[in-house]
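Here is how the chains run, residue by residue.
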Amino acid sequence: QVQLVESGGGLVQVGGSLRLSCAASGRIASIYNMGWYRQAPGKQRELVAGITRGESTNYADSVKGRFTISRDNAKNTVYLQMNSLKPEDTAVYYCLVVYSDYGGARYSYWGQGTQVTVSS
């Protein structure tokens, strides 16, 4: 099986920064796309940022210029650097990893989520 360990969430004031990490381990042959999603209370889960194995990135319009996604393929880890945080960034943040096992089958797997709270 696969494990995703997220870390880096917490409480921060408006304008502050946080860095989220998501480390994947287990029966993983290759990791393809990695991404961060978030879900605020009463709202649907939405894509925040994604990164391909070739490190092409895409961002939600609401975070462009403030958030940066990156990955370390040697560590099977994806990061989300969040700067200039706003109260509307408050949500539970989830990482998503698309990977293949040693049999060649491809799967997607969610992290457990980490709370980010931005206080005004």
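No experiment lies behind these values; they were computed from the predicted model shown.

(A) Highlighting the sheet that holds strand β1 (residues 2-7). An order of β1-β3-β8-β7 is seen for the four strands of this open sheet, with the pairing classed as antiparallel. Of all strands in the sheet, those bounded by a partner on one side alone are β1 and β7 (67-72). Sheet twist, expressed as the average angle between the axes of neighbouring strands with direction ignored, equals 15°. The sheet contact formed by strand β3 (residues 18-26) and strand β8 (residues 77-82) spans six bridges and is antiparallel. Paired with Leu20 across the bridge in β8 is Leu80.

(B) Spotlight on the environment of Ala49. Along the chain, Ala49 turns up in strand β5 (residues 46-51). Given the relative accessible area of 0%, Ala49 is considered buried. A C-alpha to C-alpha distance of 27 Å links Ala49 and Tyr102, two positions 53 residues apart in sequence. With residues up to four places along the chain from it excluded, the contact list for Ala49 reads Met34, Gly35, Trp36, Asn58, Tyr59, Ile69 and Leu80.

(C) Looking closely at unusual backbone geometry. Although it is not a glycine, Glu55 adopts a positive phi angle of roughly 70°. Relative to the elements of secondary structure, Glu55 occurs in the loop between β5 and β6 (57-59). Even without being a glycine, Asn76 presents a positive backbone phi close to 50°. For Asn76, the position within the fold is in the loop between β7 and β8.

(D) Representation of the pattern of salt bridges in the model. Taken as a whole and assessed by the stated rule, the structure comprises four salt bridges. We note a salt bridge from Glu46 to Arg38, for which the minimum N-O separation is 2.8 Å. With its nearest N and O atoms 3.1 Å apart, the salt bridge here joins Lys64 to Asp61.

(E) View of the packing of aromatic side chains. For the coordinates displayed, the defined rule picks out three aromatic pairs. Among the aromatic residues, those joined into a cluster by ring pairs are Tyr37, Tyr94 and Trp110. The ring centre of Tyr79 lies 4.1 Å from the NZ or CZ of Arg19, which sits over that ring. The residue whose ring lies beneath Arg45 is Tyr94, and the NZ or CZ to ring-centre distance is 3.7 Å.

(F) Geometry of the nonpolar core. Trp36, Val48, Phe67, Val78, Leu80, Met82 and Tyr93 are the most contacted members of the largest nonpolar core, which has 30 residues in total. Counting only elements with at least two residues in this core, the list comes to β1, β3, β4 (30-39), β5, β7, β8, β9 (91-100) and β11 (114-119). At five residues, β9 tops the list of elements feeding residues into this core. Apart from the residues lying within four places of it in its own chain, the contact partners of Met82 are Gly16, Ser17, Leu18, Leu20, Arg66, Phe67, Tyr93 and Val116.

The rules we used
- Residues numbered from 1 in each chain as written.
- Predicted model: local features only at pLDDT ≥ 70, side-chain atom pairs only at ≥ 80, totals over all residues.
- Heavy atoms only, no water.
- Pairing = 2+ DSSP bridges.
- Helix = DSSP H or I, 4+ residues; strand = E, 2+ residues; numbered from the N terminus.
- Axes fitted to C-alpha atoms, helices over the stretch in contact; angles between N-to-C directions.
- Buried < 20%, exposed > 50% of the residue type's maximum accessible area, 1.4 Å probe, protein only.
- Contact = heavy atoms within 4.5 Å.
- Salt bridge = Lys/Arg side-chain N within 4 Å of Asp/Glu carboxyl O.
- Phe/Tyr/Trp six-rings, centres within 6.5 Å; stacked < 30°, edge-to-face > 60°.
- Lys NZ or Arg CZ within 6 Å of the ring centre and 35° of its normal.
- Core = buried A, V, L, I, M, F, W, Y, C linked by side-chain atoms within 4.5 Å.

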